[in-house]
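Breakdown of the fold
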Amino acid sequence: MVKPKAEPKAAWLAAESPAQKRRRAGAVRRRLERAYPGAKCALNFSTPLEMLIATVLSAQSTDAMVNKVTAGLFRKYRRPEDYLASPPGELERDIHSTGFFNQKARSIRGLCRKIVEDYGGRVPDTMEGLLSLPGVARKTANIVLGNAFGKVEGIAVDTHVHRLASRLGLSAEDDPNKVERDLTGLFPRSRWFQLTYLLIEHGRAICKAPRPLCEECLVGDLCPSSRAPTRRVPFA
Ligand code: SF4
């Protein structure tokens, strides 16, 4: 039997109306919620400052490595002033294993200085305030707001969220801020916070960066990028 030819991604997306895309996005979300009911931020923290520092350290590193490093780091540095008072090179050594330690130490000192000078030593609890900290973009601000303050202003778009949004045909944008805009338009606000962690879990487990495991994917029939050799049925 000849297998039906799979529809190319572009044709699928061109034929899909905005309402169909929203319904498809909703179906993807519901399946991911069932598959990953415990999806949440894997970084250990107990204060907004710790959440912020852990998020900075997580760039180009694994959550497990960051947690290993912060277990000692957060005992040693409790306030922004502690980071600022560390002798040259010491903070770099303390965060060395997370990679890019010079750049990260510079970022941490820069945002701690701003927190001390402009916010009385407390991490700001608004999007505007967080974005005023040097080196903090919307991804980090969304993560800190959602996890440390219980405030949801948007969807944190990290590398997994960006890749899955693209493969699932939910955003064709390169700029993470535009990807966030597309995603917030497709999902109800009440789901924004959780969505980041659902997509991260699925990205780590199945929709991996170098080679997605489409044959094992629970949303394969809803994905215009599926490489599974089964017939894909456009969602309507
Ligand atoms: S079908 Fe493949 S490309 Fe699409 S979400 Fe699943 S693993 Fe990723």
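Owing to the predicted nature of the structure, the values given are computational and were not obtained by experimental measurement.

Along the chain, A19 turns up in helix 2 (residues 18-35). Residues A19 and L186 lie 167 residues apart in sequence; the distance between their C-alpha atoms is 9.3 Å.

With that out of the way, let us pick up the nonpolar core. The biggest cluster of nonpolar side chains holds 61 residues, and the ones touching the most others in it are I53, L73, Y83, I108 and L111. A per-element tally of this core places helix 3 (residues 48-57) first, with 7 residues. Not counting the four nearest positions on each side in its chain, L73 is found in contact with I53, L57, Y83, L91, D94 and I95.

Turning next to the packing of helix 3 against helix 9 (residues 138-148). In contact at an axis separation of 9 Å, helix 3 and helix 9 are set at 145° when each is read in the N-to-C sense. Note that helix 3 runs across helix 9; the crossing there is right-handed. Between helix 3 and helix 9, the residues in contact are P48, M51, L52 and T55 and T140, I143, V144, N147 and A148, respectively. The residue inventory of the contact of helix 3 with helix 9, partitioned by class, reads 6 nonpolar, 3 polar and no charged.

Mapped onto the elements of the fold, R24 is located in helix 2. Residue classification places R24 among the buried residues on the basis of a relative accessible area of 0%.

Here helix 12 (residues 189-205) contains 17 residues, and its C-alpha end-to-end distance of 25 Å stays within 8% of the 24 Å for a straight helix at 1.5 Å per residue. The sharpest bend along helix 12 measures roughly 40° and falls at L195. Along its buried surface, helix 12 packs onto helix 2, helix 9, helix 10 (159-167) and helix 11 (176-186).

Conventions adopted
Residues numbered from 1 in each chain as written. Predicted model: local features only at pLDDT ≥ 70, side-chain atom pairs only at ≥ 80, totals over all residues. Heavy atoms only, no water. Helix = DSSP H or I, 4+ residues; strand = E, 2+ residues; numbered from the N terminus. Core = buried A, V, L, I, M, F, W, Y, C linked by side-chain atoms within 4.5 Å. Buried < 20%, exposed > 50% of the residue type's maximum accessible area, 1.4 Å probe, protein only. Contact = heavy atoms within 4.5 Å. Axes fitted to C-alpha atoms, helices over the stretch in contact; angles between N-to-C directions. Left-handed = near helix turned anticlockwise from the far one by under 90°. Nonpolar A, V, L, I, M, F, W, Y, C, P; charged D, E, K, R; others polar. Expected span 1.5 Å × (residues − 1). Bend = angle between axes of the 7 residues up to and from the residue.

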